Amino acid sequence: MQLITCPWCGAREEAEFHYGGQAHVPYPADPHALSDAEWAEYVFFRDNPKGRFAERWVHSAGCRRWFNAVRDTATHELLAVYRPGEPKPVIA
Amino acid sequence: MTGTSLPEHPDFLWRNPDPKPSYDVVIVGGGGHGLATAYYLAKNHGITNVAVLEKGWLAGGNMARNTTIIRSNYLWDESAGIYEHALKLWEGLEEDLDYPILFSQRGVLNLAHSLQDVRESRRRVYANQLNGIDAQWLEPEDVAKICPIVNISPDVRYPVMGATYQPRAGIAKHDYVAWGFARRADEYGIDLIQNCEVTGIDMQGGRVTGVQTTRGPIAAGKVALAAAGHTSVLAGMAGLRLPLQSHPLQALVSELLEPVHPTVVMSNAVHVYVSQAHKGELVMGAGIDTYNGYGQRGSFHIIERQMAAALELFPIFARAHLLRTWAGIVDVTPDASPIVGLTPVEDLYLNCGWGTGGFKATPGVGWCFAHTVAHGAPHPLNAPFTLDRFTTGALVDEHGAAAVAH
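Thresholds, definitions, all that
- Residues numbered from 1 in each chain as written.
- Chains lettered and ligands numbered in written order.
- Predicted model: local features only at pLDDT ≥ 70, side-chain atom pairs only at ≥ 80, totals over all residues.
- Heavy atoms only, no water.
- Helix = DSSP H or I, 4+ residues; strand = E, 2+ residues; numbered from the N terminus.
- Buried < 20%, exposed > 50% of the residue type's maximum accessible area, 1.4 Å probe, protein only.
- Contact = heavy atoms within 4.5 Å.
- Areas by Shrake-Rupley, 256 points an atom, 1.4 Å probe, with all protein chains shown as cover.
- Salt bridge = Lys/Arg side-chain N within 4 Å of Asp/Glu carboxyl O.
- Pairing = 2+ DSSP bridges.
- Axes fitted to C-alpha atoms, helices over the stretch in contact; angles between N-to-C directions.
- Phe/Tyr/Trp six-rings, centres within 6.5 Å; stacked < 30°, edge-to-face > 60°.
- Lys NZ or Arg CZ within 6 Å of the ring centre and 35° of its normal.
- Polar contact = N/O pair within 3.5 Å; in protein donor to acceptor, adjacent residues only side chain to side chain.
- Core = buried A, V, L, I, M, F, W, Y, C linked by side-chain atoms within 4.5 Å.

Peer 1: Please set out the overall build of chain A residue by residue, giving values where relevant.
Peer 2: In terms of helices and strands, chain A carries one helix and six strands. The order of α-helices and β-strands along chain A, N terminus first, is β-β-β-α-β-β-β. Dimensions of chain A, computed from C-alpha atoms along their principal axes, come out at roughly 45 × 30 × 25 Å. Here chain A holds 92 residues, and 33% of them are scored as buried. Considering only contacts within chain A whose residues lie at least 6 apart along the sequence, 44% involve residues at least 24 apart. On chain A, roughly 5,200 Å² of surface is accessible, and the fraction owed to carbon and sulfur atoms is 52%.

Given below as structure tokens:
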């Protein structure tokens, strides 16, 4: 089973976590100003890269806290984990 | 060794041509949908200057990885329309392709395990009946009559409280289906080009003009994408952003067993669906892995849960051995319905978002997508499945009826 490193608890089995999709998607600053197309983008459209992807995970069966990770969607390799509010790490 | 005991190589079912510099239509993706689209372009519309480009080998992606279930008992009119059209084509496909596809209408049971399941299932049965689809509601004792190995005891964690039944549903031999379409497309003069990965989409003034490939540039009057899990990557080459997320979907087979399982059993609530292939393997599918992934493999705990569910439903499987597991990459839309139609780029057509349910639609979507490409306008049956429904809000929300298990 794949190990995922929770930034608070350390490495735990994948089954302790739940997935939260793409990270760094901000709530619209002025929702009333959004067009239908902009709402569609916010509600339904997310990046879907084959390769590195910044995404959200929650340690449901542990500390129950959310965090972000950079993972390669082709290899499933976790390249970085970081806490909310921290910037997305630059990976060589 | 003289080799005299070796059989002759069977006849090849299609040529392996080199790409020509230009085609009227280039279809990207040589899976079931791409091959069926090519076939119906030729058969229904007389368009034969067509290439199907496949980055690997024909039908080696999801067409080789699905659990071959065919049914049309979807909730909404839009879905029932296209899936029932597909099922009717399946019923004549062996004759049409003049090729054995082992289409077996052994019926499908969709089990209900809670009162909520029961209500939703009965609602779906009524909706199906209004759409002329052969749906029935069965009480647990009738479930056991159709599939005696299902455990209908009330003493299990998720007891069987009934099921919907579609007798005309069934399974087919996925490889044979692909080969049947490929052979007929080839006979029409369509070029099936393997080991030819598209690396770029050429455009001029908002209009597609061809593709770049690992076997050189190919000009095209029209380009039709049928690349399932890799559609986001391809569409990105044309500057298109799609509401798709690609996930691994796992399936597995047991060793060969005596025939014990006469139908197809699906359970959305416990995330497993099971049939027995003609050869004798039990074929089981799971729910998708929740994370995005292009790796054609998934997480072990998904399979573990799937097996736990299968064992509770089918105690007789307890001593069966697992033979192989694998995953396909499924492209999932927010409303669990496909996107089939036009794009903002002129002459670029899109067939994607079938998620976990693409195999059963193969002839139906081939028929409708070919119509869409030939006429530059959607067939009435795929007209609801536009890209812009995610902006207009006219969603076809099949999560209730399809959920994880298509």
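Peer 1: An account of the pattern of salt bridges is needed here, citing residue identities and associated values.
Peer 2: Residues and elements named next belong to chain B. A complete count under the given rule lists 17 salt bridges over all chains for this structure. A salt bridge links Lys43 to Asp96; the nearest nitrogen and oxygen atoms lie 3.1 Å apart. Within this pair, whereas Lys43 is found in helix H1 (residues 32-45), its partner Asp96 is found in helix H2 (residues 77-97), the two being separated by 53 residues in sequence. Overall, the relative accessible area of 36% leaves Lys43 in the partly exposed class. In this structure, the salt-bridge partner of Asp335 is Arg389, at a minimum N-O distance of 2.7 Å. In this pair, Asp335 is assigned in the loop between strand E16 (322-332) and strand E17 (339-342) and Arg389 in helix H9 (residues 389-392), connecting sequence segments 54 residues apart. Look at Asp335 and you get buried, because its relative accessible area is 1%. Look at Arg389 and you get buried, because its relative accessible area is 1%. Salt bridges sharing partners connect three or more residues here, namely Glu84, Lys88, Glu91, Asp134 and Arg168.

Peer 1: Please provide a residue-by-residue account of the sheet that holds strand E3 (residues 18-22) of chain A, values included.
Peer 2: All names here are of chain A. Across the sheet, four strands lie side by side as E3-E4-E5-E6; this open sheet has antiparallel pairing. Pairing within the sheet leaves two strands with one partner each, and these edge strands are E3 and strand E6 (78-82). Strand after strand, the sheet turns through a mean of 30 degrees between neighbouring axes, direction not considered. Pairing geometry for E3 and strand E4 (residues 52-58), over three bridges, is antiparallel. Its bridge partner being in E4, Gln22 is matched across the sheet by Glu55.

Peer 1: Any details on the pairing of E4(A)? Residues and values, ideally.
Peer 2: All names here are of chain A. Burial analysis of E4 places five of its seven residues in the buried class, the great majority of the element. In the sheet, E4 pairs with strand E5 (residues 66-72) via seven bridges, with the strands oriented antiparallel. Paired with Arg52 across the two strands is Asp72, which belongs to E5.

Peer 1: Quick one: what's the story with the environment of Gly280(B), residue by residue and with numbers?
Peer 2: Residue and element names in this part refer to chain B. Inspection of the secondary structure assignment puts Gly280 in the loop between strand E14 (272-276) and strand E15 (281-288). In this structure Gly280 comes out as buried when scored by relative accessible area, which is 4%. On a C-alpha basis, the gap between Gly280 and Glu139 in space is 28 Å, while along the polypeptide they are 141 residues apart. The contact partners of Gly280, leaving out residues within four places of it in the chain, are Glu255, Leu256 and Leu257.

Peer 1: How would you summarise the packing of aromatic side chains if you had to cite specific residues and measurements?
Peer 2: Summed over the entire model, instances satisfying the criterion amount to 18 aromatic pairs over all chains. Here the aromatic rings of Phe17(A) and Phe67(A) are separated by 5.9 Å at their centres, their planes lie at 85 degrees, and the arrangement is edge-to-face. Taken together, the residues Phe17(A) in the loop between strand E2 (10-13) and E3 and Phe67(A) in strand E5 connect sequence positions 50 residues apart. No difference in accessibility class separates Phe17(A) from Phe67(A), as the two residues are buried. On the basis of an interplanar angle of 70 degrees and a centroid distance of 5.6 Å, the ring pair of Phe44(A) and Phe390(B) is categorised as edge-to-face. Taken together, the positions of Phe44(A) in helix H1 (residues 36-44) and Phe390(B) in helix H9 put the pair across two chains. According to the relative accessible area criterion, Phe390(B) is buried, its value standing at 2%. Clustering of aromatic rings is evident, with ring pairs tying together Tyr39(B), Tyr40(B), Phe181(B), Tyr188(B) and Trp367(B). Positioned over the ring face of Tyr158(B) is Arg157(B), at 4.3 Å from the centre of the ring.

Peer 1: I'd like to hear about the side chain of Ser299(B), residue by residue, with values.
Peer 2: Within the secondary structure, Ser299(B) sits in the loop between E15 and helix H7 (300-313). In this structure the side chain of Ser299(B) is engaged in a polar contact, spanning 2.3 Å, whose partner is the side chain of Glu14(A). For Ser299(B), the residues in contact, after removing those within four places along its chain, are Glu14(A), Gln250(B), Asp289(B) and Tyr291(B).

Peer 1: Give me the nonpolar core: which residues, what numbers.
Peer 2: Residue and element names in this part refer to chain B. Counting residues in each nonpolar core, the largest one holds 49 residues, and the members touching the most others are Trp90, Phe181 and Leu192. Those elements giving two or more residues to this core turn out to be strand E1 (22-28), H1, strand E2 (50-53), H2, helix H5 (174-187) and helix H8 (358-375). Here this core takes eight residues from H2, the largest share from any one element. Here Phe181 is in contact with Leu35, Ala36, Tyr39, Tyr40, Leu93, Leu97, Thr362 and Pro363, once residues within four sequence places are set aside. Ala220, Ala227, Leu242 and Val345 belong to the second largest nonpolar core, which has 31 residues in total.

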